[in-house]
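Structure assessment
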Amino acid sequence: MSKLVRIDEVNQMIERGEILAIAGDEALLRQLKPGRWIAGSIPYFMDEAGGLFSKDKVLVSSFADVATNAKIVEYAPEELSRIPSDYFSNGFSIIILPSQSQAHSEFSKHSFSYPQILNGNLVGWISGTDLNAPSQKPLVYNGASGHGALYNKAVVLHCELPANRFAQTEIVNIFEADENSDTIEFFESGYEITDCKVNGEKTNFAQYLKSKGVDTRFPLVADYSGASINVSFKEVAENRVSLYASIFPLAKYRIARHITDYETAFKQSLGAVGDSRPIFSCNCILNYLYANLEGKKCGAVGPITFGEVAFILLNQTIVYLSLKEGKRHG
Amino acid sequence: MKNELRLPEISDARWRRVLLDKDSPKFSSLPTQLMFSRVKMMLQVDSSPSAVQAASLAVYDYFQKNSAKVQVDLESLISKMESMNV
């Protein structure tokens with residue numbers, strides 16, 4: 001269960017030995033007591049009452065009533081491919097990575113190919129900062145280690161579930177590829193893009209976007225066997241485009257179909273999240289900004305993040321984890 | 001080979017067809033969708049018989065490890081393969 005609480009309340013939960021994933025402003029995270037928790041910096045949240053910015057409270061997801069066992073592991077960038085080897089055979093894993101770190105970049109570019117990554121439930125988010133405080137640095141914490149703030153490591157809370165339950169990783173994406181738009185392919189994975197192929201013809205990506213007048217609030221979308229996977233635009237410069245997640249050279253992208261009323265489309269898509277009573281959820285800062293979610297209820301309590309993880313790095317997507325009754329293995 | 005999966009043997013020619021088909025089976029689970037796309041992307045680079053066999057094994061291994069969780073997707077894959085006459 002996730003909720004927004006004061007720092008003294010979360011410290012009481014820590015002292016009770018609860019297994020926690022925490023999101024909050026850096027100044028509050030520094031006041032947390034050691035315990036079985038991981039945390040990442042972010043002051044934007046979706047609460048029961050609606051979206052909000054807060055430096056007074058933290059958002060805590062407690063797995064005390066869910067997990068039968070847990071372990072917290074830190075991974076340096078070169079160790080990220082080992083995450084699946086630490087999965088419990090029946091469970092879920094919550095990952096937090098600091099934005100703009102080497103760990104973030106490595107995960108974005110390569111997690112899709114990590115062996116066994118899909119044989120578990122890996123969800124989580126990219127930590128960030130107050131958008132009006134660009135000098136702050138995104139960070140993560142491992143509450144069990146006492147190492148203090150980590151700026152270039154992933155922290156993962158691996159949780160085990162009882163045999164009669166299994167977790168399911170799900171996403172909500174309001175975008176779909178516009179099948180009438182051009183097919184865009186890239187030459188290598190990465191965030192900083194110069195050239196691409198549009199319908200098979202090599203061209204400069206920035207110039208292509210400008211010539212087409214593309215509204216970059218709407219992401220690139222690739223079809224992954226029925227799942228629409230977004231990559232969002234950060235900046236379109238003279239001859240270079242910056243993205244919020246890595247593109248993949250073998251995927252075929254299109255610009256998302258235009259949504260006239262982003263806010264309404266977003267709200268209409270949220271029924272599935274509420275119905276499943278998720279044990280963890282996170283949503284993208286770009287949805288928060290573009291759909292004007294501040295002060296508005298959207299039904300998925302969780303941090304508003306600089307990127308979402310559902311096995312791979314996603315953008316402009318709600319990620320959530322639900323519990324099902326039954327055995328995971330046949 | 002675990003027969004309870006009811007997937008065709010790896011040597012079955014329908015594996016090549018389903019893996020190289022333009023349209024994927026209709027999957028509903030995100031990890032299955034990602035897994036199948038990853039395999040298809042690998043085959044874009046190399047669709048030799050040995051690559052198809054490796055891809056078939058990867059799909060088989062995935063369903064073996066996650067069979068209960070992705071039962072609907074397994075049925076969808078089996079249904080598509082059964083519709084592909086050799």
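Residues numbered from 1 in each chain as written. Chains lettered and ligands numbered in written order. Predicted model: local features only at pLDDT ≥ 70, side-chain atom pairs only at ≥ 80, totals over all residues. Heavy atoms only, no water.

Attention now moves to empty space enclosed by the protein. All names here are of chain A. By the definition in use, this model includes four cavities of 30 Å³ or more. Volume-wise, the largest cavity comes out at about 60 Å³. Around the largest cavity sit Ser-108, Tyr-224, Ile-229, Val-231, Ala-245, Ser-246, Phe-248, Tyr-253, Ile-312 and Leu-313, which together line it. Only β18 (227-231), β20 (241-247) and β25 (312-314) provide two or more residues apiece to the lining of the largest cavity. Grouping the constituent residues of the lining of the largest cavity by class yields eight nonpolar, two polar and no charged. Approximately 50 Å³ is the volume found for the second largest cavity. Every residue lining the second largest cavity is listed: Asp-25, Glu-26, Ser-41, Ile-42, Pro-43, Gly-128, Thr-129, Asp-130, Gln-136 and Lys-137. A per-class count over the lining of the second largest cavity returns two nonpolar, four polar and four charged. (1 Å grid on protein atoms, 1.4 Å probe; cavity = no way out; pocket = protein on both sides within 12 Å on 5 of 7 lines; lining within 4 Å. Points joined across faces, edges and corners; volume = space filled by probe spheres on them. Helix = DSSP H or I, 4+ residues; strand = E, 2+ residues; numbered from the N terminus. Nonpolar A, V, L, I, M, F, W, Y, C, P; charged D, E, K, R; others polar.)

This next bit is on unusual backbone geometry. Residues and elements named next belong to chain A. The backbone of Asn-292 shows a phi angle near 50 degrees, a positive value even though the residue is not glycine. As for its placement among the helices and strands, Asn-292 is situated in the loop between α7 (285-290) and β23 (302-305). With a relative accessible area of 44%, Asn-292 lands in the partly exposed category. At Phe-311, a position not held by glycine, the phi torsion is positive, near 70 degrees. Looking at where Phe-311 falls in the secondary structure, it is placed in the loop between β24 (308-310) and β25. Among the residues examined, Phe-311 registers a relative accessible area of 0% and is labelled buried. (Buried < 20%, exposed > 50% of the residue type's maximum accessible area, 1.4 Å probe, protein only.)

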